[in-house]
Amino acid sequence: MAKNRLHIVNQKKKKSATHCGTITSEDIRLMDNAHRRRDRIESGISPVSGTGAHGGNKTAKNRKARRDGKVSITKTNW
């Protein structure tokens, strides 16, 4: 039998109907950093991701190739 316990859920505080959210300077900084990192990875010059000329050994490059293959399959529109 289930125990009769109260399950209290904190309700979200409602804001006005026209409020769409606030973007702080911290949010802008994080989004900017993510955008720059994505650009570095896509251009192939991010040594952290193992894509650059000096990034990663044979194992890291093979791992990246496998992952890129899986990502390309999941992004394919069937």
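Preceding this paragraph is the structure being described.
Notes on the structure in this doc start here. (Residues numbered from 1 in each chain as written. Predicted model: local features only at pLDDT ≥ 70, side-chain atom pairs only at ≥ 80, totals over all residues. Heavy atoms only, no water.)

**Details of a nonpolar patch on the surface**
Thinking step 1. A contiguous nonpolar patch, built from Ile23, Ile28 and Met31 and spanning about 310 Å² of accessible area, is present on the exposed surface.
Thinking step 2. Within the secondary structure, Ile23 is located in the segment before helix H1 (25-43).
Thinking step 3. A relative accessible area of 56% places Ile23 in the exposed class. (Patch = residues over 30% accessible without salt bridge, like charges linked within 9 Å, V, L, I, M, F, W, Y side chains within 5 Å. Areas by Shrake-Rupley, 256 points an atom, 1.4 Å probe, with all protein chains shown as cover. Salt bridge = Lys/Arg side-chain N within 4 Å of Asp/Glu carboxyl O. Helix = DSSP H or I, 4+ residues; strand = E, 2+ residues; numbered from the N terminus. Buried < 20%, exposed > 50% of the residue type's maximum accessible area, 1.4 Å probe, protein only.)

**What to know about the pattern of salt bridges**
For side chains of opposite charge, pairing can occur when their charged atoms come near one another.
Thinking step 1. Under the definition given, this model contains 3 salt bridges.
Thinking step 2. Its salt-bridge partner being Asp32, residue Arg36 comes within 2.9 Å of it at the nearest N-O pair. A residue pair is termed a helical-turn pair when its members lie 3 or 4 positions apart in one helix, as Arg36 and Asp32 do in helix H1 at 4 residues.
Thinking step 3. Of the residues examined, Asp32 reaches a relative accessible area of 37% and is grouped as partly exposed.
Thinking step 4. Residue Lys64 is joined to Asp68 by a salt bridge in which the shortest nitrogen-to-oxygen separation is 2.8 Å. With a gap of 4 residues between them, Lys64 and Asp68 both fall in helix H2 (residues 58-74), about one helical turn apart.
Thinking step 5. Taking relative accessible area as the criterion, Lys64 reaches 22% and is therefore assigned partly exposed.

Everything listed is a geometric property; what it means functionally is a separate question.
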